[in-house]
Amino acid sequence: QAQLVESGGGLVQPGGSLRLSCAASGSIFRVSFMAWYRQAPGKERELVAYINSIGNTNHADSVRGRFSISRDNAKNTVYLQMNNLKPEDTAVYLCTANMQTTSKTPASTYWGQGTQVTVSS
């Protein structure tokens, strides 16, 4: 069984920085697409950034230039460096990945449990 575990959330002042991590563990054969979403209270889940297996990335307009997604394939881990944080970035941040657990099983989408990011003075 594979799983994703996020870490790195917390409370930060406006203008501050945080780095989120999401590690895939368990029985993993291949990890392809990885991404970060966020969901604020009363709002729909929003795609923040994604990265494919060869490192191509895309970021939402609302975070471009402030956030940066990256991954370490050897560790099956994806990161989200968040700089110049704003109160409107406050949300639960969730990691997702498309993974195969064996060479014979189709890829499935997995989700982490989420980590809270609060930007407030």
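Residue numbers here run from 1 along each chain, matching the order of that chain's written sequence. Local features are withheld for residues below a pLDDT of 70 in this predicted model, meaning they are given only at 70 or higher, and side-chain atom pairs are given and counted only at 80 or more; totals for whole chains, interfaces and linings count all residues. Each side-chain value is derived from all of the structure's non-hydrogen atoms; neither hydrogens nor water enter the calculation.

### What about unusual backbone geometry?
Here Asn76, not a glycine, exhibits a phi torsion of approximately 50 degrees, which is positive. Its location among the elements puts Asn76 in the loop between strand S7 (67-72) and strand S8 (77-82). On the basis of relative accessibility, which here comes to 23%, the residue Asn76 falls in the partly exposed class. Even without a glycine there, the phi angle at Asn84 is positive, about 50 degrees. Mapped onto the secondary structure, Asn84 falls in the loop between S8 and strand S9 (91-100). Secondary structure follows DSSP: runs of H or I at least 4 residues long count as helices, runs of E at least 2 residues long count as strands, and numbering of each begins at the N terminus. Partly exposed describes any residue whose relative accessible area lies between the buried limit of under 20% and the exposed limit of over 50%, with all areas from a 1.4 Å probe on protein chains only and scaled to the type maximum.

### With respect to the side chain of Ser21
By the secondary structure assignment, Ser21 is in strand S3 (residues 18-26). Overall, the relative accessible area of 19% leaves Ser21 in the buried class. When sequence neighbours within four positions are dropped, the list of residues in contact with Ser21 reads Val5, Glu6, Ser7, Trp36, Val78 and Tyr79. Two residues qualify as a contact provided that any one of their heavy atoms is within 4.5 Å of a heavy atom in the partner residue.

### A word on the sheet that holds strand S1 (residues 2-7)
The four strands are arranged S1-S3-S8-S7 in an open sheet whose pairing can be described as antiparallel. Strand pairing shows two members of the sheet lacking a second neighbour, S1 and S7, which therefore form its edges. Put simply, the sheet's adjacent strands are angled 15 degrees from each other on average, direction ignored. We treat two strands as partners when DSSP finds at least two bridges between them. Sheet analysis places S3 next to S8, joined by six bridges and oriented antiparallel. From the neighbouring strand, Leu18 faces S8, where its bridge partner is Met82. Fitted lines through C-alpha atoms serve as axes, helices being fitted only where they are in contact, and the angles separating the N-to-C directions of these axes extend from 0 to 180 degrees.

### A few points about the state of the cysteines
In this description, a disulfide is simply a cysteine sulfur pair whose atoms lie within 2.5 Å. Across all of its chains, the model carries one disulfide by this definition. With a sulfur-sulfur separation of 1.9 Å, Cys22 is cross-linked through a disulfide to Cys95. Because the sign of the S-S torsion sets the handedness, a value of about -60 degrees for the bond joining Cys22 and Cys95 places this disulfide among the left-handed ones. Remark: Cys95 occurs in strand S9 and Cys22 occurs in strand S3; sequence separation between them is 73 residues. Each member of the pair, Cys22 as well as Cys95, is classed as buried.

### Topic: the environment of Glu44
In this structure, Glu44 sits in the loop between strand S4 (30-39) and strand S5 (46-51). Ignoring anything within four residues of it in the chain, the contact list for Glu44 reads Arg38 and Gln39.

### A few points about the pattern of salt bridges
Just to be clear on terms, a salt bridge is a Lys or Arg side-chain nitrogen sitting within 4 Å of an Asp or Glu carboxyl oxygen. The final tally for this structure, using the stated rule, is four salt bridges. Among the salt bridges present, the one from Arg38 reaches Glu46, with a minimum N-O distance of 2.8 Å. Overall, the relative accessible area of 30% leaves Glu46 in the partly exposed class. Linking Arg66 and Asp89 is a salt bridge whose minimum nitrogen-to-oxygen distance equals 2.8 Å.

### Some remarks on the nonpolar core
Definition of nonpolar core: a set of buried residues of the types Ala, Val, Leu, Ile, Met, Phe, Trp, Tyr and Cys, connected through side-chain atoms within 4.5 Å. Formed by 30 residues in total, the largest nonpolar core has its most connected members in Trp36, Leu80, Met82 and Tyr93. Broken down by secondary-structure element, the contributors of at least two residues to this core are S1, S3, S4, S5, S7, S8, S9 and strand S11 (115-119). Looking at this core, the element that brings in the most residues is S9, giving five residues.

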